[in-house]
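Next come the chains, spelled out residue by residue.
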Amino acid sequence: MSGLKVTGLSHAWGAKKALDDVSLSVEPGRFCALLGPNGAGKSTLFGLLTGLFASRTGRIEIAGQDMARHPRAALARMGVVFQQPTIDLDLTVRRNMLYFAALHGITGAEAGRRADAALDRLGMAERAGEVARALNGGHRRRMEIARALMHGPSVLLLDEPTVGLDAGTRRALTDHVHGLADEGLTVLWATHLTDEVHPGDRLVVLHRGRVLADGLAGEIGGADLTERFLEMTGAAA
Amino acid sequence: MKHAFAALFAIAHREALRFLGQKGRLVAAIVRPLVWLVVFAAGFRAALGLSIQPPYQTYIQYETYIVPGLCGMILLFNGMQSSLSLVYDREMGSMRLLLTAPLPRWWLLACKLMAGSVISVLQALVFLAIAAAYGVSVPWFGYLAVIPALFVAALMLGALGLMLSSFIRQLENFAGVMNFVIFPMFFLSTALYPLWKMAEASPLLHDICALNPFSHGVELIRFALYGQLAPVSLAVVLGALAVFGAAAVWGYDPARGMTARKA
């Protein structure tokens, strides 16, 4: 069984091909970095993975559940952190968490317990009562990650989660999510920043809708992943 | 089942919290029809004579005539506004959060629709109470009978907004649609003038008004305020609800609809 499996996925926006025969598979408990420059097709891939839209070609399996045939089973096993913030700024952190829990069928005392545990894990427990607007960018992201884990998913998808954050916060978040993978969560982390990729990570390089490289980050990148990445995407341009 | 209702409750709760947070929206929603009632109707009373027509059993003041239309106005604005918030939500990402919940998409949209409609109905009831204090009242049982009528009309107009929101990508476009949807719907209806008055002016206008589903929403409310059922209007409103609702579900379908088109 695979944590996340994509086979032969293509998608076009009108005449423009955003994804061209993309296949990738991430084993359970792996951190997979999806590296690609802007416009590589990362967000299109996330849209398809989360079922916001569907493609006629290709297949997506989340924790063994086919996205086309059993979308709800697949969604129930998936936690998502979108690139754009998805927070109700005028509601408290806790209220945001409870809203999400209810959407996933978790209510009452159980929802409260899970919200507290998830916030505590991300070091956000003391902020539960604050209005989300009062949080800084890093804390908002942390809240979204905590929220995405509330229903105990086995796959976590993050679409450029560190956009707009300072270096320290970026590092802390990246490390934290690597830790989650060590605990057994399957992670797909989309980014265009090579310093967020650890040498031991699984790495998929996406460029112009195609998979350019797929393997161990340390092996693909060699001595300098940044140089290698620029070389690959520059050469293909 | 339990999951579906938990989501419904959460969506309604969120909608209510957001609504209460936007005090300006509540004030605007109530003041707008009150201005029409107090200023416009007073001026118009002299210009427009109304004869006896069902459900009224006597000559009525113009204020009495337009109260159901103004209830419809509240529902119309609110239906458009909650779908405006949908377009905004989608741009802000909250719509994504909603649509990735492991529930059937049509149910998630229905929850959103029902939550918005409850808020609309409450606003219309507040308006009716203020209108009563101003001196325009109906029999007491009318206030009960009107609740389901308001709800059905609110669902229809909310579904219309939902449908439009699935086909419109940007807020700017939506402002245009407000002008092309809200104003024609409101003015080419029985909200401000009865059908026979329209017929005197132009048979074409009369026909448009008679076909406008908003007219039927208003008539449904008008008759309900006097404890009567307008069966044709009810049928038209339910039919329009079904059409708008189906189009909205189609629009939000991941494989076919407009979400498959990039901004």
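All figures in this text were calculated on a predicted structure; none of them were measured in a lab. As a convention, each chain's residues are numbered from 1 in the sequence order in which they are written. A letter from A marks each chain and a number from 1 marks each ligand, given out in the order of writing. With pLDDT at 70 or above as the cut-off, local features in this predicted model cover only qualifying residues; side-chain atom pairs require 80 or more to be listed or tallied, and sums for whole chains, interfaces and linings still use all residues. With hydrogens and water excluded, all non-hydrogen atoms of the structure serve as input to the side-chain values.

## Topic: a nonpolar patch on the surface
Residues and elements named next belong to chain B. A cluster of nonpolar side chains, Val27, Val31, Val35, Val38, Val39 and Tyr134, forms an exposed patch at the surface whose accessible area comes to about 500 Å². Secondary structure follows DSSP: runs of H or I at least 4 residues long count as helices, runs of E at least 2 residues long count as strands, and numbering of each begins at the N terminus. Tallying contributions element by element places helix H2 (residues 23-47) first for the nonpolar patch, with 5 residues. With respect to the helices and strands, the residue Tyr134 is situated in helix H5 (residues 105-134). Classification of Tyr134 by relative accessible area gives partly exposed; the value is 40%. Any residue with relative accessible area above 30% and no salt bridge may belong to a patch, with like charges joined within 9 Å and the nonpolar Val, Leu, Ile, Met, Phe, Trp and Tyr side chains within 5 Å. Only the protein chains shown count as cover for residues, and the accessible areas themselves come from Shrake-Rupley with a 1.4 Å probe. A carboxyl oxygen of Asp or Glu within 4 Å of a side-chain nitrogen of Lys or Arg is what we treat as a salt bridge. Note on exposure labels: buried denotes an accessible area under 20% of the residue type's maximum, exposed denotes more than 50%, and partly exposed covers the range between, all computed with a 1.4 Å probe on protein chains only.

## Overview of the environment of Met143 of chain A
All names here are of chain A. Looking at where Met143 falls in the secondary structure, it is placed in helix H5 (residues 137-148). In this structure the C-alpha to C-alpha distance between Met143 and Ala115, which are 28 residues apart in sequence, comes to 10 Å. The criterion used for residue contact is that any of the two residues' heavy atoms lie within 4.5 Å. Not counting chain neighbours up to four residues away, the residues in contact with Met143 comprise Ile87, Val93, Asn96, Met97, Leu119 and Met124.

## So, the UniProt feature "domain: ABC transporter" (unreviewed entry) in chain A
UniProt positions are given in the numbering used here, feature names are shortened, and annotations may be inferred rather than shown by experiment. As recorded in UniProt, the sites labelled "domain: ABC transporter" (unreviewed entry) are residues 4-233 of chain A. What you have in residues 4-233 of chain A is 35% helix and 27% strand, and the ends, taken at the C-alpha atoms, are 25 Å apart.

## A closer look at the confidence of the model for chain B
Atom-level detail of predicted coordinates should not be read off regions where pLDDT is low. Residue-level confidence of the predictor is summarised by pLDDT, bounded by 0 at the bottom and 100 at the top. Averaged over chain B, the pLDDT score is 86; the fraction of residues at 70 or greater is 90%. Looking at the elements of chain B, mean pLDDT is at its lowest for helix H7 (residues 171-187) of chain B, recorded as 77, and at its highest for helix H10 (residues 213-224) of chain B, recorded as 96.

## Regarding the interface of chain A and chain B
Across the boundary between the two partners, chain A contributes 27 residues, which contact 31 residues of chain B. Summed over both partners, the accessible area (1.4 Å probe) lost when two parts come together is defined as the buried area. Buried surface at the junction of chain A and chain B, both sides included, amounts to about 2700 Å², of which 64% is carbon and sulfur. When residues of chain A are sorted by the area they lose upon contact with chain B, Leu52, Tyr99 and Leu103 of chain A head the list and together hold 25% of the total. Where chain A packs against chain B, one counts 2 salt bridges. Among the salt bridges present, the one from Arg18 of chain B reaches Asp88 of chain A, with a minimum N-O distance of 3.4 Å. Contacts described as polar in this section are N or O atom pairs within 3.5 Å, which, within protein, must combine one atom able to donate a hydrogen with one able to accept it, while residues neighboring in sequence count only if both atoms come from side chains. Taken together, the links from chain A to chain B amount to 7 residue pairs in polar contact (both at pLDDT 80 or more). Going through the elements one at a time, strand S1 (4-13), helix H2 (71-76) and helix H3 (93-103) of chain A are the ones with two or more residues in the side of chain A that touches chain B. Take the side of chain A that touches chain B: its biggest share by element is 5 residues, from H3 of chain A. Split into classes, the residues belonging to the side of chain A that touches chain B amount to 13 nonpolar, 9 polar and 5 charged. Residues are grouped as follows: nonpolar covers Ala, Val, Leu, Ile, Met, Phe, Trp, Tyr, Cys and Pro; charged covers Asp, Glu, Lys and Arg; every other residue, Gly included, is treated as polar.

## What to know about the confidence of the model for chain A
Residues at a pLDDT of 70 or more form 98% of chain A, whose mean pLDDT is 90. Within chain A, strand S7 (residues 155-159) of chain A carries the highest mean pLDDT (95), whereas helix H8 (residues 225-236) of chain A carries the lowest (81).

## Concerning unusual backbone geometry
Residue and element names in this part refer to chain A. In the Ramachandran plot, Asp21 falls in the positive-phi region, its phi being about 55° despite a non-glycine side chain. Relative to the helices and strands, Asp21 resides in strand S2 (residues 16-26). Residue class for Asp21 comes out exposed when judged on its relative accessible area of 51%.

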